[in-house]
Amino acid sequence: MNLRNTEVGTTGPYAIRTEHVDIPVGDGPPMGAYVARPTAPGPFPGVLVGMELFGVDGGVRDVCDRLAGGGFVALAPDFHHRTAPGSELPRDPAGRERGFELLGLMTRTAVLSDVRAAIDHLHAAGSERVSMVGLSLGGHIAYLAATEFDLAAVVVFYGGWLPGTDISISRPEPTLSLTSKITGRVLFLVGEEDHVVPPAQRREITRALREAGIRHEMVVYPGIGHGFLGTDRTTSADAWRRVHALLLTSAEN
């Protein structure tokens, strides 16, 4: 494991330390990841943070830092590491277009291999219980990961493409069709006006979770669109309250 760029800061009840690490994944090059953790003696529960199309950028690192300040070891894997390692794409039309190009190069097998390596890294660091928080694309990955691994809880921020096979990681069968394999709790947070997760899809997701008997909550914020975390202060505050409550409860059970 390679460590670099270590920093110390404060983002909540705990002072935190951040670092970039390289995690072995199979026989190929290692996967980069951003890690934030409390400086206090542990152990602490682990949380994977699933990035958006744009990579492990400042917004994703902020999510990790906030989780670490609340008493978690937060790790954001670079899911672009096989095709464009270290990418931090601009949040503009060109960046979005490039992000979709890189998304098209992902495979379900590779992404699950990356998630497994990240979970193993957290376990090795002393986190007995691991959950996942995913943003948009990362929300889809978090839902997928919950069907494959024993995650204590999963928080999906506006995760799209779950009911269909529009993206490569939702193939060969739709990710939503795997819902019955989930063992942990699921919190799905989405805006009422989200064009990526429209009402019909929200109903499909809720129905799948209910029919599978998964402990879940679907929260729809009125008048809010896609990508609200960090941009809408009131909605973000409510979302973070729910996230922390779920992660703390799941870490204790």
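Please refer to the structure placed before this passage.
Residues numbered from 1 in each chain as written. Predicted model: local features only at pLDDT ≥ 70, side-chain atom pairs only at ≥ 80, totals over all residues. Heavy atoms only, no water.

The next thing to look at is the pattern of salt bridges. When the charged atoms of two side chains with opposite charge come close together, those side chains can pair. Going through the model one piece at a time under the given rule, you end up with 12 salt bridges. Here Arg17 ties to Glu19 by a salt bridge, and the two come within 3.7 Å at their closest N and O atoms. Take Glu19: its relative accessible area is 5%, and that puts it in the buried class. Residue Arg61 pairs with Glu88 through a salt bridge whose shortest N-O separation is 3.0 Å. Taken together, the residues Arg61 in helix H1 (residues 58-69) and Glu88 in the loop between strand E5 (73-77) and helix H2 (93-104) connect sequence positions 27 residues apart. Owing to a relative accessible area of 45%, Glu88 belongs among the partly exposed residues under this scheme. When salt bridges that share partners are traced, they join Glu217, Asp238, Arg241 and Arg242 into one network. (Salt bridge = Lys/Arg side-chain N within 4 Å of Asp/Glu carboxyl O. Buried < 20%, exposed > 50% of the residue type's maximum accessible area, 1.4 Å probe, protein only. Helix = DSSP H or I, 4+ residues; strand = E, 2+ residues; numbered from the N terminus.)

In this section: the packing of aromatic side chains. Tallied over the full model, the rule gives six aromatic pairs. On the basis of an interplanar angle of 80° and a centroid distance of 5.4 Å, the ring pair of Tyr14 and Phe44 is categorised as edge-to-face. Here Tyr14, found in the loop between strand E1 (2-10) and strand E2 (15-23), pairs with Phe44, found in the loop between strand E3 (31-38) and strand E4 (46-50); they are 30 residues apart in sequence, far enough to count as distant. For Tyr14, a relative accessible area of 30% translates into the label partly exposed. Taken together, a centroid distance of 5.3 Å and an interplanar angle of 70° make the contact between Tyr221 and Phe228 edge-to-face. (Phe/Tyr/Trp six-rings, centres within 6.5 Å; stacked < 30°, edge-to-face > 60°.)

Right, let's get into the pairing of strand E7 (residues 153-157). The element E7 is extensively covered by neighbouring structure, given that five of its five residues are classed as buried. The side-chain alternation of E7 yields two buried faces, one formed by Ala153, Val155 and Phe157 and the other by Val154 and Val156. Relative to E7, strand E6 (residues 130-135) runs parallel, the two being bridged by four bridges. Bridge pairing in E7 links Gly134 to Val156. For the handedness criterion, the β-α-β arrangement of E6, helix H4 (residues 137-146) and E7 is classed as right-handed. In the sheet, E7 pairs with strand E8 (residues 185-191) via five bridges, with the strands oriented parallel. In the strand pairing of E8, Ala153 is matched with Arg185. (Pairing = 2+ DSSP bridges. Right-handed = clockwise from strand over helix to strand, strands pointing away.)

This brings us to the environment of Thr175. You can see Thr175 is positioned in the loop between E7 and E8. Accessibility expressed as a relative area gives 0% for Thr175, which makes it buried. The sequence separation of Thr175 and His140 amounts to 35 residues, and the corresponding C-alpha distance is 8.1 Å. Discounting chain neighbours no more than four positions away, the residues touching Thr175 are Arg108, His140, Tyr143, Leu144, Leu162, Ile169 and Ser170. (Contact = heavy atoms within 4.5 Å.)

A word on the side chain of Ser87. Within the secondary structure layout, Ser87 lies in the loop between E5 and H2. A polar contact is formed between the side chain of Ser87 and the backbone oxygen of Ala84, at a distance of 2.6 Å. Ignoring sequence-local partners within four residues, the contact set of Ser87 consists of Phe54, Gly55, Val56, His80 and Leu102. (Polar contact = N/O pair within 3.5 Å; in protein donor to acceptor, adjacent residues only side chain to side chain.)

Taking 1.5 Å of rise per residue, the 13 residues of helix H5 (residues 199-211) would be expected to cover 18 Å, and the 18 Å separating its terminal C-alpha atoms lies within 8% of that figure. Among the residues of H5, those classed as buried are Gln201, Arg202, Ile205, Thr206, Ala208 and Leu209. Here the buried residues of H5 occupy an arc of 160° about the axis, which is enough to place them on one side. Away from its buried face, by an angle of more than 90 degrees, H5 presents the exposed residues Arg203, Arg210 and Glu211. Buried residues in H5 make contact with H4, E8 and strand E9 (216-221). One or two positions beyond H5, positive phi appears at Gly213, with a value near 70°. (Expected span 1.5 Å × (residues − 1). Arc of directions from axis to C-beta.)

Let us now look at unusual backbone geometry. Residue Pro43 follows Gly42 across a cis peptide bond; omega there is 5°. As for its placement among the helices and strands, Pro43 is situated in the loop between E3 and E4. The phi torsion at Tyr158 lies on the positive side, around 40°, for a residue other than glycine. Turning to its location among the elements, Tyr158 is positioned in the loop between E7 and E8.

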